[in-house]
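Here is what each chain is made of, one letter per residue.
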Amino acid sequence: MDPPRVESLEAVLQCKKAGIKPIMITGDHVITATSIAKKIGIFEENDLYIEGQKLDLLNNHELDEILPRVSVYARVAPEHKIRIVEAWQRKGKVVAMTGDGVNDVLALKAADCSIAMASGSDAAKSASHIVLLENNFNAMPHIVNEGRRVINNIT
């Protein structure tokens, strides 16, 4: 297991201060995913995790019920990513999705704001609204603040 980047903890904290709920959606094993998510502050006490196979067993109403408490989705497929994005949108939330692979493209397209990593696939970059020049989640709070500033200046 690669250790999480040191700056990830601060970036997650800043996102939370900005009113953003960071969620990890990964193909990794649930033990690996929750371990990393705990270290960087995504997975907190009383949070839930769910694996793709269990997600398949939930109808939309059941997913909507637990959605606010789930902070880690593990062993997911591309269709799970889209379903998670759409579930948050059903709740009236603005959804940002980060991704770097072809398996992220459909969820990136479904998100209200999609962010690709520069080292990612051409498909992910083409499907995204924003492409980060550096592969660093630490930029996310700055992106959100800048976007909010622009929107506030327009309205």
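Use the structure listed above.
Throughout what follows, the structure given in this document is the object of discussion. Everything quoted here is computed from the prediction, not taken from an experiment.

Further remarks concern the pairing of strand β3 (residues 70-74). In terms of burial, β3 is a largely internal element, 5 of the 5 residues being buried. As judged from the 2 bridges shared by strand β1 (residues 24-25) and β3, these two strands associate in the parallel manner. Each residue of the ladder has a partner; that of M24, found in β3, is V72. As defined by bridge partners, strand β2 (residues 48-51) adjoins β3 across 4 bridges and the pair is classed as parallel.

Before going further, it helps to examine helix α8 (residues 140-154). End to end, α8 covers 21 Å across 15 residues, agreeing with the expected 21 Å (1.5 Å per residue, within 8%). When we look at burial in α8, the residues that qualify are M140, P141 and V144. The buried residues of α8 occupy an angular sector of 100° when the element is viewed end-on, so they sit on one face. With respect to the buried face of α8, the exposed residues turned more than 90 degrees away are H142, N153 and I154. Against the buried residues of α8 lie α1 (6-17), β4 (96-99), β5 (113-117) and β6 (130-132).

The subject of this paragraph is the environment of R69. Mapped onto the elements of the fold, R69 is located in the loop between α4 (60-66) and β3. Under the relative-accessibility criterion, R69 is labelled partly exposed at 44%. Distance from R69 to E44, taken between C-alpha atoms, is 9.6 Å for residues 25 residues apart in sequence. Excluding residues within four positions of it along the chain, R69 makes contact with N46, D47 and L48.

How each quantity is defined
- Every chain's residues receive numbers from 1 upward, in the order its sequence appears when written.
- Local features are withheld for residues below a pLDDT of 70 in this predicted model, meaning they are given only at 70 or higher, and side-chain atom pairs are given and counted only at 80 or more; totals for whole chains, interfaces and linings count all residues.
- Remark: hydrogens and water are excluded; side-chain values derive from all non-hydrogen atoms of the structure.
- Type-normalised accessible area, obtained with a 1.4 Å probe on protein chains alone, sets the label of each residue: buried when under 20%, exposed when over 50%, and partly exposed for intermediate values.
- Strands here mean DSSP runs of E at least two residues long; helices mean DSSP runs of H or I at least four residues long; both are numbered from the N terminus.
- Criterion used throughout: strands pair if DSSP finds at least two bridges between them.
- One fewer than the residue count of a helix, multiplied by 1.5 Å, yields its expected span.
- Regarding the arc, it is the one traced by the directions from the helix axis to the C-beta atoms.
- Every residue pair with non-hydrogen atoms within 4.5 Å of one another is taken to be in contact.

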